[in-house]
Amino acid sequence: MAQNLFGQIDPPQRLLMGPGPVNAHPRVLRAMAADMLGQFDPEMTAYMNETMQLYRQVFMTENRWTFLVDGTARAGIEAALVSLVEPGAKLLIVRAGRFGLLLSEIAQRIGAEICTLDLPWGEVATLEQIENALIEHKPQVFACIHGDTSTTMAQPLAGVGELCRKYGVLSYADATATLGGMAVETDAWGIDVVSGGLQKCMGGPPGSAPITISDRAAEHIMARKHVEAGIRGADTLDGNRSRIASNYFDLAMVMDYWSEKRLNHHTEATTMLYGAREAARIMLEEGLEARFARHSAASTAMVAGARALELKVFGNDTYRMTNVTGIWIPEGMNGENVRMRMRDDFGIEIGTAFGPLAGKIWRIGAMGYNAVKHKVLLTLAALEVCLAAEGHKAQRGAGVDAALAEYS
């Protein structure tokens, strides 16, 4: 029988201006082409320690326990929740978009008692609302999304960690969509556990989930520690709380892997570590403030350009993420036709939406390697042409001119 070997991977060149993933920085891809090492070779463990140090700066924290979870950003989310929340314990979740609902989905599977602070998609919770919910539900853990790309809104987190500590609650925030593009002030906010991903503002591919854990959260997680039989030593001590329900996402064992103990819990995804390390190096070389300003400038220009094209921008400007913009699809227009034209005629991808916003908004990102002036201008120019082809009336060139004005 003749073999069908298909062809070499040769994807079309495309500008990914949706809500993620985005085009990876070439330096990240080059780093990932480096040769393999044994997982406990001294050179490899040195790279691991360097990666921890780099991501402390990315997360703006002094947390010792700052490392990578192998898997996409969702691996970091699931590892955090399954390691923090004990079966039957209360978990309070802010739900104002798709990814707040995802937290509920994961929590159901680990047997948590779910309490919610539900808001219309696109709104954010106030400190008063969060405090009232903490008082009412008395949860073990509070969880929220920092930047929800389904709604393009960023939940303010200043003061949230302090509130949680006031009521003896552990806190978790998913910063997948904001890490590397907006300030994730882990220590200043007092959030116990924050996780992220590479495929958005960090400018890498999906496959690694940076995470940072406070000392008090680490103590709680270690109290749930149970080392698997095949790698435990005679002096291994387990915790006195309920065992973490996942082996792969058991952060107690993963922390021992990243510590000087080098517990052989799993084999590190070597090429992803190389990529994650390089993504952090690129960010820190640029400088945090410069990085955040670049994303903010791209977002401001994108919003100005969209409005100049007589499009309505979704959500409250005060809480808008600085890396993804929601745009209402004009009434009567087939939004998928515009997306298809953008992709087929210009090689540019923009995003659709979910849930109550499905078919109602486009989501246009400017993240990481793509949060630069010429890519914003190219996207707006292409959008203008595709809108006109679908019958939308707007002054030609207005979008690019408005964006240029913002940049100048």
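Along every chain, residues carry numbers that run from 1 in the direction the sequence is written. At least 70 in pLDDT is required for a residue's local features to be given in this predicted model, at least 80 for side-chain atom pairs to be given and counted, and no such filter applies to totals for whole chains, interfaces and linings, which use all residues. To get the side-chain values, all heavy atoms of the structure are used, and hydrogens and water are removed first.

**Details of the overall build of the chain**
The test is simple: For helices the rule is a DSSP run of H or I covering at least 4 residues; for strands it is a run of E covering at least 2, with both sets numbered from the N terminus onward. Both definitions apply: the radius of gyration is a C-alpha atom measure, and the globule rule equals 2.2 Å times residues to the power 0.38. The buried label goes to any residue with under 20% of its type's maximum accessible area, the exposed label to any with over 50%, and the partly exposed label to all in between, with areas taken from a 1.4 Å probe on protein chains only. When checking whether two residues touch, look at their non-hydrogen atoms; a contact exists if any pair is within 4.5 Å. Per-residue accessibility takes into account occlusion by the displayed protein chains alone, with areas from the Shrake-Rupley method and a 1.4 Å probe.
For the chain, the count of helices and strands is 14 helices and 13 strands. By the compact-globule yardstick of 22 Å for 408 residues, the chain fits well, its C-alpha radius of gyration being 22 Å. Looking at the chain residue by residue over its 408 residues, the buried ones come to 57%. Taking the intrachain contacts of the chain between residues at least 6 apart in sequence as the baseline, contacts between residues at least 24 apart amount to 71%. Here the chain displays about 17200 Å² of accessible surface, and carbon together with sulfur accounts for 51% of that area.

**Examining the nonpolar core**
Operational definition: Buried residues of nine kinds, namely Ala, Val, Leu, Ile, Met, Phe, Trp, Tyr and Cys, make up a nonpolar core once their side-chain atoms join them within 4.5 Å.
Within the largest apolar cluster, 86 residues are counted, with the highest numbers of intra-cluster contacts made by Tyr55, Phe67, Phe142 and Ile213. If you tally residues by element for this core, the top one is helix α10 (residues 270–286), at eight residues. Dropping the residues within four chain positions of it, Phe142 is found in contact with Leu91, Leu92, Val94, Ile130, Leu134, Val160, Cys164, Val169, Leu170, Ser171 and Tyr172. Among the nonpolar cores identified, the runner-up in size contains 30 residues, and Val303, Leu311, Ile329 and Ile350 belong to it.

**Some thoughts on the pairing of strand β11 (residues 324–328)**
Note on strand geometry: in a regular strand, side chains alternate between the two faces of the sheet. Condition: One requirement defines pairing of two strands: DSSP has to find at least two bridges between them.
Across the five residues that make up β11, a large majority, four, are buried. Note that β11 and strand β13 (residues 361–365) share five bridges and pair antiparallel. Across the sheet, Ile327 pairs through a bridge with Trp362, a residue of β13.

**Overview of the side chain of Arg363**
So the rule is basically this: Within this scheme the basic residues Lys and Arg register as positive and the acidic residues Asp and Glu register as negative, but His and the chain ends are omitted. Every case where a carboxyl oxygen of Asp or Glu lies within 4 Å of a side-chain nitrogen of Lys or Arg is listed as a salt bridge. As used in this structure description, the phrase polar contact means that two N or O atoms lie within 3.5 Å; if the pair is within protein, one of them must be able to donate a hydrogen and the other to accept it, and residues adjacent in sequence are counted only when both atoms belong to side chains.
The residue Arg363 is located in strand β13 in this model. Buried within the structure, Arg363 lacks any salt-bridge partner; Asp148 is the closest side chain of opposite charge, at an N-O distance of 6.3 Å. Among the polar contacts made by the side chain of Arg363, one reaches the main-chain carbonyl oxygen of Thr149 at a distance of 2.8 Å. A polar contact of 2.5 Å, which involves the side chain of Arg363, links it to the backbone oxygen of Thr352.

**Notes on the pattern of salt bridges**
Between side chains of opposite charge, pairing is possible as soon as their charged atoms come close. Applying the stated criterion to the full structure yields 23 salt bridges. Between Lys261 and Asp256 there is a salt bridge whose closest N-O contact spans 3.7 Å. Among the residues examined, Lys261 registers a relative accessible area of 55% and is labelled exposed. One continuous salt-bridge network, built from bridges that share partners, spans Arg27, Glu278, Arg281 and Glu285.

**Details of the environment of Leu288**
Locating Leu288 in the fold gives a position in helix α11 (residues 288–308). Expressed as a C-alpha distance, the spacing of Leu288 and Met17, which sit 271 residues apart in the sequence, is 22 Å. What Leu288 contacts, discounting residues up to four positions off in sequence, is Gln57, Met60 and Met283.

**Re the packing of helix α3 (residues 73–84) against helix α4 (residues 98–109)**
Heads up, the condition is: Here an angle of 0 to 180 degrees is reported between the N-to-C directions of two axes, which are lines fitted to C-alpha atoms, with helices fitted over the stretch in contact. Comment on the angle field: the value is read as roughly parallel under 35 degrees, roughly antiparallel over 145, roughly perpendicular from 65 to 115, and oblique elsewhere. Left-handed is the label given to a crossing in which the near helix is rotated counterclockwise from the far helix by less than a right angle, and right-handed is the label when the rotation is clockwise. In this classification, Asp, Glu, Lys and Arg are treated as charged, Ala, Val, Leu, Ile, Met, Phe, Trp, Tyr, Cys and Pro as nonpolar, and every other residue, Gly included, as polar.
Packing of α3 against α4 brings their axes to within 10 Å, and their N-to-C directions diverge by 50°. By the angle class used here, α3 and α4 are oblique. Regarding α3 and α4, the two cross each other, and that crossing is right-handed. Contacts between α3 and α4 involve Arg74, Ile77, Glu78 and Leu81 from the first element and Arg98, Leu102, Leu103 and Ile106 from the second. Split by residue class, the contact of α3 with α4 holds five nonpolar, no polar and three charged.

**Considerations on unusual backbone geometry**
Following Gly20, the chain continues into Pro21 via a peptide bond in cis, with omega recorded as 5°. Among the secondary structure elements, Pro21 is positioned in the loop between β1 (15–16) and α1 (26–32). Even without being a glycine, Thr152 presents a positive backbone phi close to 65°. One non-glycine residue, Arg262, lies in positive phi territory at about 50°. By the element assignment, Arg262 lies in the loop between α9 (251–258) and α10. With a relative accessible area of 17%, Arg262 lands in the buried category.

**So, the packing of aromatic side chains**
Note the following rule: A pair of aromatic rings is counted whenever rings of Phe, Tyr or Trp (Trp by its six-membered ring) have centres within 6.5 Å, and the orientation is called stacked for planes under 30 degrees apart, edge-to-face for over 60 and tilted otherwise.
Counted under the stated rule, the structure contains five aromatic pairs. Measuring from centroid to centroid gives 6.0 Å for Tyr47 and Tyr274, while their planes differ by 85°, and the two rings are edge-to-face. Here the residue Tyr47 occupies a position in helix α2 (residues 42–58), and Tyr274 occupies one in helix α10, the gap between them amounting to 227 residues. Here Tyr47 falls in the partly exposed class, since its relative accessible area comes to 29%. When the centroid spacing of 5.1 Å and the interplanar angle of 70° are considered together, the rings of Tyr248 and Phe249 count as edge-to-face. Accessibility expressed as a relative area gives 42% for Tyr248, which makes it partly exposed. For Phe249, a relative accessible area of 16% translates into the label buried.

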